[in-house]
Amino acid sequence: MNDFGGVDDLYRDFILDHYRHPRNAGTLENPDATFEDNNPLCGDRIRMDVRIAGDRIDDVRFAGRGCAISQASASLLTEAVKGKTVAEVEQLSDEAVLENLGISISAVRLKCALLGIKVLKSALALKRG
Amino acid sequence: MSARTLAASPGLSDGDVARIRVDFPILLERPHGKPLVFLDSAASSQKPLQVIGAMDDYYRRYHANIHRGVYHISELATEAYEEARRKVARFIGAASAAECIFVRNATEGLNLVAFAWGRRNVRRGDAIVVTEMEHHSNLVPWQVLAQETGAALRFVPVDDSGLLDLTQLDTLLDGAKIFAFTAVSNTLGTVNDVALLAARARAAGAISVVDACQAVPRMPVDVQAWGCDFASFSGHKMLGPTGIGVLWGRLELLDAMPPFMTGGGMINVVRLQSSTYADVPARFEAGTPAIAEAIGLGAAVDYLEAVGMDAIHAYELALTRIALDRLAEVSAVKIYGPPFEHRTGVISMTVGDIHAHDLATILDSEGVCVRAGHHCNQPLMEKLDVPATTRASFYLYNTAPEIDVLIRGIEKAKGIFGIA
Ligand SMILES: Cc1ncc(COP(=O)(O)O)c(C=O)c1O
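These figures come from a predicted structure and were not determined experimentally.

Caption draft 1: Structural view of the side chain of Arg109 of chain A. Take Arg109 of chain A: it is sitting in the loop between helix 5 (94-101) and helix 6 (110-128). Judged by relative accessible area, which is 4%, Arg109 of chain A ranks as buried. A polar atom in the side chain of Arg109 of chain A sits 3.1 Å from the backbone oxygen of His357 of chain B. Not counting the four nearest positions on each side in its chain, Arg109 of chain A is found in contact with Tyr11, Cys67 and Ile69 of chain A together with His357, Asp358 and Thr361 of chain B.

Caption draft 2: Region of interest: helix 2 (residues 13-20) of chain A. Among all positions in helix 2 of chain A, only Ile15, Leu16, His18 and Tyr19 of chain A are buried. In an axial view of helix 2 of chain A, the angular spread of the buried residues amounts to 160°, which keeps them on one side of the axis.

Caption draft 3: Focus on the site of the ligand. Residue and element names in this part refer to chain B. By nearness alone, 13 residues border the ligand, and Thr107, Asp211, Gln214, Ser234 and Lys237 come closest of all. For the ligand, an oxygen atom lies 2.5 Å from a polar atom in the side chain of Thr107. At 3.3 Å, a side-chain N or O of His135 approaches an oxygen atom of the ligand. A total of 400 Å² of accessible area belongs to the ligand in isolation, and the protein chains cover 88% of it. Here the shell around the ligand is composed, by residue class, of two nonpolar, nine polar and two charged.

Caption draft 4: Fine view of the state of the cysteines. Residue and element names in this part refer to chain A. The full count for this structure, using the stated rule, is zero disulfides over all chains. Free cysteine Cys67: the closest other cysteine sulfur is in Cys112, separated by 3.9 Å. Cys67 sits in the buried class, given a relative accessible area of 0%. A relative accessible area of 0% means that Cys112 is categorised as buried.

What counts as what
- Residues numbered from 1 in each chain as written.
- Chains lettered and ligands numbered in written order.
- Predicted model: local features only at pLDDT ≥ 70, side-chain atom pairs only at ≥ 80, totals over all residues.
- Heavy atoms only, no water.
- Helix = DSSP H or I, 4+ residues; strand = E, 2+ residues; numbered from the N terminus.
- Buried < 20%, exposed > 50% of the residue type's maximum accessible area, 1.4 Å probe, protein only.
- Polar contact = N/O pair within 3.5 Å; in protein donor to acceptor, adjacent residues only side chain to side chain.
- Contact = heavy atoms within 4.5 Å.
- Arc of directions from axis to C-beta.
- Near = heavy atom within 4 Å.
- Areas by Shrake-Rupley, 256 points an atom, 1.4 Å probe, with all protein chains shown as cover.
- Nonpolar A, V, L, I, M, F, W, Y, C, P; charged D, E, K, R; others polar.
- Disulfide = S-S within 2.5 Å.

From the geometry alone we can't say anything about function, so treat these as descriptive.
Right under this line is the structure:
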C-alpha cells in the first residue's frame, strides 16, 4: 500500500495557509462564466466565477466549503489560471493541477483535490455551450 | 492509557473482549504501522473466523445450487441456506422462517416493499410518511414511490437535540398508507421508540416499515414486540458478509404482494404467456441467491447469540458513555445527537473548523478508522448546518484504550490545524 508522505507531508503549512486564507475568495458580479458543483462523497462544494477578457481569464473567484485539500487546491488553482487563455485552462491536465498543488494525494482524496479544476472547466464549457 | 478499564463495565468483561478479539483476524492488521483501531462498524462490521469459516466450508465441501439438485451436496446446501433463514427468524422473533426474505442488503429490502407493496396499495391522494433522520436508503425509494403514484411525502421533523419531534405525528399520519422510519439513526445514534411509532402507524391505518439496519446488530430485536409490519437490515453490519440482507414482513402482507423481481426460483407454473408465482419467501427470491452469504449470516447470528445481544448492547453503551465523557473533556470537540439515555454506540462530532475528511485522514495515519461525511443523510446534515461530521461507532470488539487512541488522534489533528 502506498503510504505517500504521511499526513505531515499532506498538511504542509502552505496548504493550511491557503485553506485558512483562500486567495481569490468570493464571487464576481455578472461573471462571464460560472458553475457550482459538489463532491457527493464528503459534501465539499465549490463555485467558480470567471471574467474573461478577449481570450484570457481576466479574473476568477471561488466560493465554497469543504476540506483543506479541496479548498487549498481551488485557491492555488485560481492563482495559477489568472491571465491564462481559456484554451490553456481547458487543456490543463489533472496531473498539472496536482503538480501545482505540490503534495502527494492518496486515491481517496483525489476527488477533493480535483474539484476546483472540474468546476472551473465546467464553467468554461457551459459558456462555450 | 486511560485509567478507566472495562472491568467494571456491564455486558462484557475485559477477558470476554480479549477472547472475542482473537476471533477477528483483521484486528491484527497494522495500517501505517499502527494497530488497527476500527471505529466504523456502523458502516460495516468486521467478520469473525466463524463466519469466514462457514462460507469457506460451503465452498470447499458442499457448494451446489439450492432447491434444484436432487443430489446429496445440493441437499446439504439447501438445508444450510434454509437453516440460516430459520436462525435469522428466531434471532429477530419472527413468527415463522417464511417471513424472512433474503435480499442483498437493507436497501434492497426497502425497495422491495416500495415496489411490491407500495405500487399495489398507494394511490394519488394518499400520504407516505418518513422522518428527517432517514438514511438515503429509506428516503429515496419513498420519494420515487410518491412521484410515481402522486402520493404526498411528509416528514416527521427532528428537533435540535436529534430526537424525533412527535407533536404533530397524528396529523402527519392522517391519510397515510406507509410510515417508514429508522430504529436507530446511523448519523446521530438516536434510538427511536419503534413500538410506539408502529402503534401510531397502525392506529392511523398505515403500515410501518422499519429500517432496522443499525438496531439488529447492536440490541436485542423482537419484531413482534415492535409490532411493525416490515423490517429491513443488512448482514454486513452484524458480523456477516456483504451481499446478504433480510427483509422481514408479516406473512399476510407478504402473501398478498406481487413479486418484485421475476425469473427462475420464484415461479410455480410457467406457460409461454403467463406464470403463477411461488409461495413466500421463494416468490421474492428470484434467481440463484447469495447462498454462501446466507450461510455466513447464519454463522454471524450464531456468534452474536453465543455472546448474547443483551451483553453486546450493554457493552456498547458502556463504551459510548466512556467516549462521550472523554470527548467532553477535549476542547473544540462538538458532539451531535441526543443525550446518552437516547443513544447507542454511534457518535458524530466536529473538531473546531477541521473538516471531517481532514480529521479522518489524520486519524487514519494513527490507524484509526472512522467515517467522515454526510453518512448518506444529506437532509439531516443540512438541518444541522454542518458540511460533514466525523463518526465513531463501537462494537463488541472495541475497547476503552482504543478510545484513548481516538482522542490522541484528535489532539494530533488539532495540533496540525493550530486549534487550541
Ligand atoms: C440506518 C441505515 N439504513 C440503511 C443503510 C443501508 O445499508 P446497505 O447499504 O447495507 O443497504 C445503512 C447503512 O449505512 C444504515 O446505516
